[in-house]
Amino acid sequence: MLFLASCSIQDTTNEFQRLGLPEPASSNAIPIGDLWIGTWIAAGAVGILVWGLIGWAVLRYRRRSNLLPRQNRYNLPMEIMYTIVPFVIIGVLFYFTVIAQNKVLERDPDPAVTVEVVGQKWSWTFNYKSADNPDVGTDVYNAGTISETPDLYLPVGQRVQFDLRSPDVIHSFWVPAFYQKMDVVPGRDNSFQTTPTKEGVFAGKCAELCGTYHSAMLFNVHVVSEAEYTAYLKTLVAKGQTGEATGPANANKFGPAGEGQTR
Ligand SMILES: [Cu+2]
């Protein structure tokens, strides 16, 4: 128990050091984490300056007599300063945001793995291409339903491209430990690449309030060795889950928990 307690204290401390972010598990998490910390440092510096000035003004100009102090109007240098300073702050944040954004949207022309992610009302379908997996020899998929949380398998240390597709409404593909999400928009080919850096199971969810069962749009991301990844794809072949994307078809399937419900 003590050991467990100390473990969780350690985890909590580290999470405090990351200012609330989970442990990073993808290559893109590094620039996004740096931007997050840097933004808080900038906000902290501005906060300390403002609180300091407030404290100084309160003490320095506290009421000493009943005489009304001299009133100031139209202090032009002051007004120019507090117009320009916010622009400078926004400019700096904008600059570092663009740098981080360009990094996380970088694309390898030939990623090791491409997964077509279909976000459908109200679950996810993951399609793996045979071109990336010659050992498997066919396209395979795994589709979730409203009552069955689907799994997404990814090989550790390999460049992965997510092609995001929706047959119905706007969803958002989010793996918090990857520090990155992107909207899944019907009729629009959104995609991004990242490299999972840590083996383990990570939570995934829909980050766009998309309708009645939005909260059911969970999935589990298994980051595994290449051998385990191939073995998993072969279990999909064994289950007959081969061929084209079946996201939209599965969207209408309700498992035991959701039976009889209408959309
Ligand atoms: Cu959704």
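Residues numbered from 1 in each chain as written. Predicted model: local features only at pLDDT ≥ 70, side-chain atom pairs only at ≥ 80, totals over all residues. Heavy atoms only, no water.

Student: Explanation requested: the overall build of the protein in the structure shown.
Tutor: What the protein contains, in helices and strands, is five helices and 10 strands. Scored against the burial criterion, the 263 residues of the protein give a buried share of 35%. Put simply, of all contacts in the protein between residues at least 6 apart along the chain, 70% involve residues at least 24 apart. Accessible area of the protein: about 16,100 Å², with a carbon and sulfur share of 62%. (Helix = DSSP H or I, 4+ residues; strand = E, 2+ residues; numbered from the N terminus. Buried < 20%, exposed > 50% of the residue type's maximum accessible area, 1.4 Å probe, protein only. Contact = heavy atoms within 4.5 Å. Areas by Shrake-Rupley, 256 points an atom, 1.4 Å probe, with all protein chains shown as cover.)

Student: Honestly, the environment of Phe 202 in this entry has me stumped. Any pointers?
Tutor: By the secondary structure assignment, Phe 202 is in strand 9 (residues 200-206). Separated by 18 residues in the primary sequence, Phe 202 and Asn 220 place their C-alpha atoms 5.8 Å from one another. Not counting the four nearest positions on each side in its chain, Phe 202 is found in contact with Ala 25, Val 175, Ala 177, Phe 219, Asn 220, Val 221 and Val 223.

Student: What am I meant to see in the sheet that holds strand 6 (residues 171-175) here?
Tutor: In sheet architecture, strand pairing relies on hydrogen bonds along the backbone and comes in two forms, parallel and antiparallel. Pairing is mixed across the open sheet formed by five strands, whose spatial order is 4-10-9-6-7. Pairing within the sheet leaves two strands with one partner each, and these edge strands are strand 4 (151-155) and strand 7 (180-184). Recorded for the sheet is a direction-independent mean angle of 25 degrees between the axes of neighbouring strands. Judged from the six bridges that link them, strand 9 and strand 10 (residues 218-224) form a sheet pairing that is antiparallel. Considered in strand 10, the bridge of Phe 202 is made with Val 221. (Pairing = 2+ DSSP bridges. Axes fitted to C-alpha atoms, helices over the stretch in contact; angles between N-to-C directions.)

Student: In this structure, what is going on with the packing of aromatic side chains? I would like to understand it.
Tutor: Here a ring pair, both rings aromatic, is described through the centre-centre distance and the interplanar angle of the planes. Tallying each qualifying case throughout the model produces 15 aromatic pairs. Ring centres 6.2 Å apart and planes at 65 degrees place the aromatic pair Tyr 128 and Tyr 229 in the edge-to-face group. Of the two residues, Tyr 128 sits in strand 2 (residues 123-128) while Tyr 229 sits in helix 4 (residues 226-238), which places them 101 residues apart along the sequence. No difference in accessibility class separates Tyr 128 from Tyr 229, as the two residues are buried. (Phe/Tyr/Trp six-rings, centres within 6.5 Å; stacked < 30°, edge-to-face > 60°.)

Student: Just checking my understanding: could you explain the pattern of salt bridges for this structure?
Tutor: Where side chains of opposite charge bring their charged atoms close, a pairing between them can arise. Tallied over the full model, the rule gives two salt bridges. We note a salt bridge from Asp 189 to Arg 165, for which the minimum N-O separation is 3.6 Å. Here Arg 165 lies in strand 5 (residues 160-165) and Asp 189 lies in the loop between strand 7 and strand 8 (190-194), a separation of 24 residues in the sequence. Owing to a relative accessible area of 23%, Arg 165 belongs among the partly exposed residues under this scheme. (Salt bridge = Lys/Arg side-chain N within 4 Å of Asp/Glu carboxyl O.)

Student: Is there a simple way to explain the coordination of the copper ion in this structure?
Tutor: When a metal holds four donors in a tetrahedron, each ideal angle between them is 109.5 degrees; when it holds six in an octahedron, the ideal angles are 90 or 180 degrees. Within the first shell, the copper ion binds the protein through His 171 (ND1), Cys 206 (SG), Cys 210 (SG) and Met 217 (SD), at distances of 2.1 to 2.4 Å. Viewed at the metal, the four donor atoms of the copper ion are separated by angles of 90 to 125 degrees, and the geometry they form is tetrahedral. The sequence motif formed by the donor residues of the copper ion is H-x34-C-x3-C-x6-M. Taken together, the positions of His 171 in strand 6 and Cys 206 in strand 9 put the pair 35 residues apart, joining distant regions of the chain. The two residues His 171 and Cys 206 agree in class, both being buried. (Donors = N, O, S within 2.8 Å, 3.2 Å for Na, K, Ca; no water. Tetrahedral: all angles 85-135°; square planar, octahedral: opposite > 155°, others 65-115°.)

Student: Even after reading the chapter, I still don't get the side chain of Ser 26, so can you show me in this structure?
Tutor: Relative to the elements of secondary structure, Ser 26 occurs in the loop between helix 1 (2-17) and helix 2 (29-60). On the basis of relative accessibility, which here comes to 1%, the residue Ser 26 falls in the buried class. Once you skip the residues sitting within four places of it in the chain, Ser 26 turns out to touch Ala 177, Phe 178, Thr 194, Thr 195, Pro 196 and Thr 197.

Student: What is the right way to look at unusual backbone geometry in this model?
Tutor: Across the chain, the bulk of peptide bonds are trans and the bulk of non-glycine residues have phi less than zero. Look at the link from Lys 121 to Trp 122: it is a cis peptide, with omega at 0 degrees. Positionally, Trp 122 belongs in the loop between strand 1 (113-120) and strand 2. Phi is positive for Tyr 74, close to 50 degrees, though the residue is something other than glycine. Summarising the element assignment, Tyr 74 is placed in the loop between helix 2 and helix 3 (76-104). What makes Tyr 74 exposed here is its relative accessible area of 70%.

Student: Before we go on, may I ask you to explain the pairing of strand 4 in this structure?
Tutor: Both faces of the sheet carry side chains from a regular strand, because those side chains alternate between them. Counting buried positions over the five residues of strand 4 gives four, a clear majority of the element. Pairing geometry for strand 4 and strand 10, over five bridges, is parallel. Each bridged residue has a counterpart across the sheet, and for Asp 151 the counterpart in strand 10 is Asn 220.

Student: I would appreciate a short explanation of the nonpolar core in the present structure.
Tutor: Side chains of a nonpolar character, in soluble globular proteins, are inclined to be buried together. Formed by 37 residues in total, the largest nonpolar core has its most connected members in Val 115, Tyr 128, Leu 152, Phe 162 and Phe 173. Here Phe 162 is in contact with Val 115, Val 117, Leu 152, Leu 154, Phe 173, Phe 178, Asn 190, Ser 191, Phe 192 and Thr 194, once residues within four sequence places are set aside. (Core = buried A, V, L, I, M, F, W, Y, C linked by side-chain atoms within 4.5 Å.)

Nothing here speaks to function; it is all geometry.
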